[in-house]
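# Fold and geometry: a report
One letter stands for each residue in the lines below.
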Amino acid sequence: MRLALRPALASSVFLLYSLIGSTKGFATFKWPDHQLAFVDRVLYEGSRFGNLTPDCRRRTNTTVAAQWIRIAYHDMSTHDVTDGSGGLDASILFELNRTQNIGRGMRDSLNDINFFTSPYVGLADMIAMGAVLAVESCGGPIIPYRAGRIDAKVAGPATVPEPQQDLPTHIELFRRQGFNQAEMIALVACGHTLGGVRRDDFPEIVYASEFADFDGTLSKFDNTVVTEYLDDTTTNPLIKSANVTTQSDLRIFSSDQNVTMQSIASPEKFSQTCGTLFERMINTVPKEVKLTEPVDPIENKVWGVSLIPQNGSYLLRVNLRRLSANPSRTVTLFWKEHHTQGSGSLCPPAGCVVNSTAPSSADVSSLGKSIGLKGFVNYRFNTEVPLSTSISRFWFSVDENDGSGPKIVDNGGSEYVIDQDAVLFDPSKTEILHADFPPAVKLVVGVRTSDIDSSDTFKLSIESYLPGTSDFIPIIQTVDLQQDTQNPPADGYTFFTGIIKPGVTAIHINAVFGGKTFRQYIDENDYFYV
């Protein structure tokens, strides 16, 4: 298990990264993998999602992190270990009206999380990622993340423990979820190291203030919830409430004569135990769901690839992101043509050579910094490719110039394949319509004119993905593209356009002609990157 405890972080991180590049035990990125690329961006790059909870940010008396951890547990709690049904599957969407899910934090969390979903990473995956980022942002353990959860379409059973329930009921509910009595005690303590109880939600528990904290360190993931309980200095409302019926933490914590609470009283043991249990919690999924291996930062991340017809040739754009900077490093792109010219191959056997522009730095998330990343570096490549030859594939050579010699980066031996040039997204002609508010995007797609002319059937459309608003269910809309009057045919291509509505975060370009079907995925990083 890759659980990095902060006191030993410096020594553990570099052992972890010595394993990157080996496929054993870790998810392997093979471009294009839209799921892992998206997860990598959210977890490790300086993404907008991670920026919602920096340094355990507070919100309305509690913290964003406490709310994100709560919704992850409540969503998972539908699991039945007996038949493998339920688990962390976003069924919480359909369970918000239950008393067990009371609280503005539920909708606050869904408003935070839902906007960042995609066609390849749904709400359940984002809830799990939210828990990982929440724990780290407050100083807790690093929790390995696996992708692949599937969003439910209906509500699960009403099996979230509630404060007024008795101890046998709580023990049974946690058993159903896959946790024994000792694990129940520890999981409740871990969940209650952050946050507290709001009077508006539970007036029968909180009387004297608007909000009652679980422990004395609201914005810190630590063992205080345990030590204050053991030395009887706690003000935890689920222990000290005048309403004996709702003293659920007291009943749970003391249910084994404090054996478990004493065993996790040290900071190290508390962090280790919480990391293990939270990892199990977010990985508790319906039995038919198969999660990936843990997702580490992608060592060689290819992104922003485009082939654009313009000025009598193609413009090839490629970006390669590396995990660390090295001023001495040389990165070279090689490519091979798709069609040979009359006089033979354009590129030599080793491939045509393209040198990168000056490398640029890219932000690292708080989680990335916690596991030892100093800063990503991006290498950008631009080159002209003849229209007559096009391009079939590309790869890289990376030389650290430290005597170790160049290493080939070739997508795990598969190379980076450009599988078609008949339908091409054109970021150079795509534009943000700033006159609109919020701004829409005019998307432009080029289609090879000869393919249109020779086809009896021609269909071209975009399928847009808009994260849900009030009901949090994404809206999928298909729009036929029309010929672009502002961009006349050129370079053997006819251009088509359509408007992407504000809020759309991803699209698929779909084309059918000449007996072939084409499908290309574009997300907002692509159409905002020009």
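Bear in mind the structure is a predicted one, so any value in this text is a computation, not a measurement.

As a further point, take the overall build of the chain. Across its full length, the chain holds 15 helices and 22 strands. The C-alpha atoms of the chain give a radius of gyration of 26 Å, which matches the 24 Å a tight globule of 530 residues would have. Residue burial in the chain is summarised as follows: out of 530 residues, 56% are buried. Counted over contacts in the chain with a minimum sequence separation of 6, partners at least 24 positions apart contribute 69%.

As a working rule, side chains carrying opposite charge can pair if their charged atoms are close by. In this structure the tally under the stated criterion is 22 salt bridges. A salt bridge links aspartate 40 to lysine 301, with the nearest nitrogen and oxygen atoms 3.0 Å apart. Of this pair, aspartate 40 sits in helix H2 (residues 34-44) while lysine 301 sits in strand S5 (residues 300-310), and the two are 261 residues apart along the sequence. Note on aspartate 40: relative accessible area 0%, which makes it buried. Across the pair arginine 198 and aspartate 201 runs a salt bridge, and its minimum N-O distance is 3.4 Å. Aspartate 201 matches arginine 198 in its accessibility class, with the two residues each being buried.

Aromatic rings considered in pairs are described by the distance between their centres and by the relative angle of their planes. Taken as a whole, this structure holds 19 aromatic pairs when the rule is applied. Plain terms: the ring middles of tyrosine 73 and phenylalanine 174 are 5.9 Å apart, the flat faces sit at 20° to each other, and that makes the pair stacked. Pair noted here: tyrosine 73 is in helix H3 (residues 64-76) and phenylalanine 174 is in helix H6 (residues 167-177), with a separation of 101 residues, a long-range link. Comparing tyrosine 73 with phenylalanine 174 shows no difference in burial state: the two are buried. For the pair tyrosine 314 and tyrosine 493, a centre-to-centre distance of 6.1 Å together with 75° between the ring planes defines the contact as edge-to-face.

Residues three or four positions apart in an α-helix share a direction because the helix packs 3.6 residues into each turn. Here helix H5 (residues 123-137) is 15 residues long and its end C-alpha atoms lie 20 Å apart, about the 21 Å a rise of 1.5 Å per residue gives. Taking burial as the measure, the 15 residues of H5 include 15 buried ones, the bulk of the element. At the exit of H5 stands glycine 139, carrying a positive phi of roughly 90°.

Relative to the elements of secondary structure, asparagine 382 occurs in strand S10 (residues 376-386). Separated by 25 residues in sequence, asparagine 382 and threonine 357 place their C-alpha atoms 8.0 Å apart. Among residues more than four places away in sequence, those in contact with asparagine 382 are Leu315, Leu316, Arg317, Val354 and Thr357.

Bringing the sheet that holds S10 into the picture now. Read from one edge of the open sheet, 4 strands run S5-S6-S10-S9, paired in antiparallel fashion. Since the sheet does not close on itself, it has two edges, and those belong to S5 and strand S9 (360-362), each with one partner. Between one strand and the next, the sheet's axes are offset by a mean angle of 25°, whatever the strand orientation.

This brings us to the pairing of strand S21 (residues 506-513). For S21, the buried fraction is high: 7 of the 8 residues fall into the buried class. As judged from the 8 bridges shared by strand S17 (residues 458-466) and S21, these two strands associate in the antiparallel manner. Within the sheet, the bridge partner assigned to serine 461 lies in S21 and is asparagine 510. Bridge count for S21 against strand S22 (residues 516-523) is 8 bridges, and the pairing is antiparallel. Paired with isoleucine 507 across the bridge in S22 is isoleucine 522.

Adjacent strands of a sheet pair through backbone hydrogen bonds, lying either parallel or antiparallel. The 4 strands lie next to each other as S18-S17-S21-S22, forming an open sheet whose pairing is antiparallel. The sheet is open, and its two edges are formed by strand S18 (475-480) and S22, each paired on a single side. Mean inter-strand twist for the sheet, computed between neighbouring axes without regard to direction, equals 20°.

Positionally, proline 406 belongs in the loop between strand S11 (393-399) and strand S12 (407-409). Measuring from C-alpha to C-alpha, the distance between proline 406 and valine 331 comes to 9.0 Å, with 75 residues separating the pair along the chain. Apart from the residues within four sequence positions on either side, proline 406 is in contact with Ser397, Val398 and Asp399.

Contact geometry for H3 and H5: axes closest at 8 Å, N-to-C directions at 140°. The angle between H3 and H5 falls in the class oblique. Seen from above, H3 lies across H5 with left-handed handedness. Within the contact between the two elements, H3 uses Ala65, Trp68, Ile69, Ile71, Ala72 and Asp75 and H5 uses Ile127, Gly130, Ala131, Ala134, Val135 and Ser137. Among the residues making up the contact of H3 with H5, the classes are represented as 9 nonpolar, 2 polar and 1 charged.

Here we take up the state of the cysteines. Counted by the stated rule, this structure contains 3 disulfides. Between cysteine 56 and cysteine 138 runs a disulfide, and the two sulfur atoms are separated by 1.9 Å. Of note, the bridge from cysteine 56 to cysteine 138 carries an S-S torsion of about 80° and is right-handed in sense. One end of the pair, cysteine 56, is in the loop between H2 and strand S1 (58-59); the other, cysteine 138, is in the loop between H5 and H6, and 82 residues separate them in sequence. Accessibility assignment for this pair places cysteine 56 and cysteine 138 in one class, buried. When the cysteines of the chain that form disulfides are numbered from the N-terminus onward, they connect as 1-2, 3-4, 5-6.

Rules behind the numbers
Residues numbered from 1 in each chain as written. Predicted model: local features only at pLDDT ≥ 70, side-chain atom pairs only at ≥ 80, totals over all residues. Heavy atoms only, no water. Helix = DSSP H or I, 4+ residues; strand = E, 2+ residues; numbered from the N terminus. Rg over C-alpha atoms; globule rule 2.2 N^0.38 Å. Buried < 20%, exposed > 50% of the residue type's maximum accessible area, 1.4 Å probe, protein only. Contact = heavy atoms within 4.5 Å. Salt bridge = Lys/Arg side-chain N within 4 Å of Asp/Glu carboxyl O. Phe/Tyr/Trp six-rings, centres within 6.5 Å; stacked < 30°, edge-to-face > 60°. Expected span 1.5 Å × (residues − 1). Pairing = 2+ DSSP bridges. Axes fitted to C-alpha atoms, helices over the stretch in contact; angles between N-to-C directions. Parallel < 35°, antiparallel > 145°, perpendicular 65-115°, else oblique. Left-handed = near helix turned anticlockwise from the far one by under 90°. Nonpolar A, V, L, I, M, F, W, Y, C, P; charged D, E, K, R; others polar. Disulfide = S-S within 2.5 Å.

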